[in-house]
Amino acid sequence: MKELTIGLDIGGTNTKYGIVDRDGNVVYQGSISTTQYEEFKDYFDGLATALRDAMATIPFENKMMGVGVGAANGNYYKGTIERATNLKWKGIIPLADMFKEEFNIPAIVTNDANAAAVGEMIYGSAKGMQDFVVITLGTGLGSGFVSNGQLLNGKHGIAGEVGHTTVNYAGRYCNCGKRGCLETYVSATGIRRTVYKLLADHLEPSELRGISFDNLTTKMITECAVRGDIVALAAFEYTGRILGMKLAETVVHTDPDAIFLFGGLSLAGDLIFKPTIKHMEANLMPLFRGKIKVLPSGLQNQAAPILGSSSLVWNYLYNKQFKETLI
Ligand SMILES: [Zn+2]
């Protein structure tokens, strides 16, 4: 009898799901549209059907241990999704209760960056580490903190929102309602905004000139930088400088062993890592210099969000301290 978990990644566009064994093998993977359902109840029914179909395909004897959910604004303590800006269902959605009722298994809900952090600890490059930070660089910037081997949740279940700490109080407008948040500079959207600013401020020839904002991608900027495009290179230097300076502050709060960068922008390798590390080191309190590793995530593949979410279940089942506070 093999023990399995379900990992669920609720994104603004699609919901990815997978069935995962204890060793991190994804034995089934699928996705449904998040946007096509006007009512949450209809979405949940569609998802439940997809999950039942998926479970029916597993060819060996198994026991379903639980479901882990990564979603923007997921609340770890309440098992809810609360007022997510990227989903059309407003208010508070009692997701964990709904899963419990439908499948009679525990459901652990958290935000996608926290799921990535637990995934890094269970399946990725943070195995054996007690103190680390995961920064997810997607459309926005998420972060998950592990301290003393425990995911940091905070009083309200929403700890670790580094993406919405301020870089410039009179800076770029952010989706959260503030100005100058880190994610408006350091994210896929942030670097595109930077490219546009650089193109406006300078007259150097660049392959990126003439590409519309909506069509501009991180991949395009990366490829141009590799070819030596001066604007693309400057955009990475600027993005890494801001990230490095902010990480120097983040380090002071929890004294991590390592910081892992995950997702789109981090795939640019040295283009983003070099300026990030340089400016982090330059701005670190001297006590910390040379001690903090900045590393690529060990989960850089398609299944990473599913692995991250599914790992929440193992973390829950095998961690007595969490058992008291969840569900
Ligand atoms: Zn913000």
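Higher on the page you've got the structure.
Keep in mind that this is a model prediction, so the values were computed, not measured.

Each donor-metal-donor angle would ideally measure 109.5 degrees in four-coordinate tetrahedral geometry, or 90 or 180 degrees in six-coordinate octahedral geometry. Every protein donor of the zinc ion is accounted for by His-164 (ND1), Cys-174 (SG), Cys-176 (SG) and Cys-181 (SG), and the metal-donor separations fall at 2.0 to 2.3 Å. Bound by 4 donor atoms, the zinc ion shows angles of 106 to 116 degrees at the metal and therefore tetrahedral coordination geometry.

Once that is clear, we can look at unusual backbone geometry. Within the chain, Asn-73 stands out as a residue other than glycine whose phi angle is a positive 65 degrees. Counting through the fold element by element, Asn-73 comes out in the loop between β4 (62–71) and β5 (74–75). Even without being glycine, Asp-255 reaches a positive phi, approximately 50 degrees. By the secondary structure assignment, Asp-255 is in the loop between α6 (230–254) and β12 (258–262). Its relative accessible area of 46% is what places Asp-255 among the partly exposed residues.

A few words now on helix α4 (residues 188–201). A rise of 1.5 Å per residue sets the reference length of α4, with its 14 residues, at 20 Å; its end C-alpha atoms lie 20 Å apart and thus fit the reference within 8%. Among all positions of α4, only Ala-188, Gly-190, Ile-191, Arg-192, Thr-194, Val-195, Leu-198 and Leu-199 are buried. On its buried face, α4 is in contact with α5 (218–226) and α6.

A separate point is helix α8 (residues 304–317). Side chains that are three or four residues apart share a direction in an α-helix, a result of its 3.6 residues per turn. Under the 1.5 Å per step criterion, the end-to-end length of α8 is 20 Å for 14 residues, consistent within 8% with the ideal 20 Å. By the criterion of burial, α8 is predominantly enclosed, with 12 of the 14 residues buried. Restricting attention to buried positions, one finds in α8 the residues Ala-304, Ile-306, Leu-307, Gly-308, Ser-309, Ser-310, Ser-311, Leu-312, Val-313, Trp-314, Asn-315 and Tyr-316.

Mapped onto the elements, Thr-222 comes out in helix α5. By relative accessible area, Thr-222 is classed as buried at 17%. Those residues within four positions of Thr-222 in sequence are excluded, and the remaining contacts are Phe-236, Ala-268 and Leu-271.

So, on to the layout of surface pockets. By volume, the second largest pocket amounts to about 200 Å³. Together, Phe-145, Leu-152, Gly-160, Glu-161, Val-162, Thr-165, Lys-246, Glu-249, Thr-250, His-253 and Thr-254 line the second largest pocket. The dominant element in the lining of the second largest pocket, judged by the number of residues it contributes, is α6, at 5 residues. Residue classes in the lining of the second largest pocket are distributed as 3 nonpolar, 5 polar and 3 charged.

Below, the discussion takes up the sheet that holds strand β13 (residues 293–296). In spatial order, the strands read β11-β10-β9-β12-β13; together these 5 strands make up an open sheet with mixed pairing. If you trace the sheet from one side to the other, it starts and ends with β11 (150–151) and β13, each paired once. Of the pairings in the sheet, the one linking strand β10 (residues 141–147) to β11 comprises 2 bridges and is antiparallel in character. Paired with Val-146 across the strands is Leu-151, a residue of β11. Strand contacts of helix α7 (residues 270–283): β12 and β13, with the helix running at about 165 degrees to β13, the strand carrying the most contacts.

Scoring rules and cut-offs
Residues numbered from 1 in each chain as written. Predicted model: local features only at pLDDT ≥ 70, side-chain atom pairs only at ≥ 80, totals over all residues. Heavy atoms only, no water. Donors = N, O, S within 2.8 Å, 3.2 Å for Na, K, Ca; no water. Tetrahedral: all angles 85-135°; square planar, octahedral: opposite > 155°, others 65-115°. Helix = DSSP H or I, 4+ residues; strand = E, 2+ residues; numbered from the N terminus. Buried < 20%, exposed > 50% of the residue type's maximum accessible area, 1.4 Å probe, protein only. Expected span 1.5 Å × (residues − 1). Contact = heavy atoms within 4.5 Å. 1 Å grid on protein atoms, 1.4 Å probe; cavity = no way out; pocket = protein on both sides within 12 Å on 5 of 7 lines; lining within 4 Å. Points joined across faces, edges and corners; volume = space filled by probe spheres on them. Nonpolar A, V, L, I, M, F, W, Y, C, P; charged D, E, K, R; others polar. Pairing = 2+ DSSP bridges. Axes fitted to C-alpha atoms, helices over the stretch in contact; angles between N-to-C directions.

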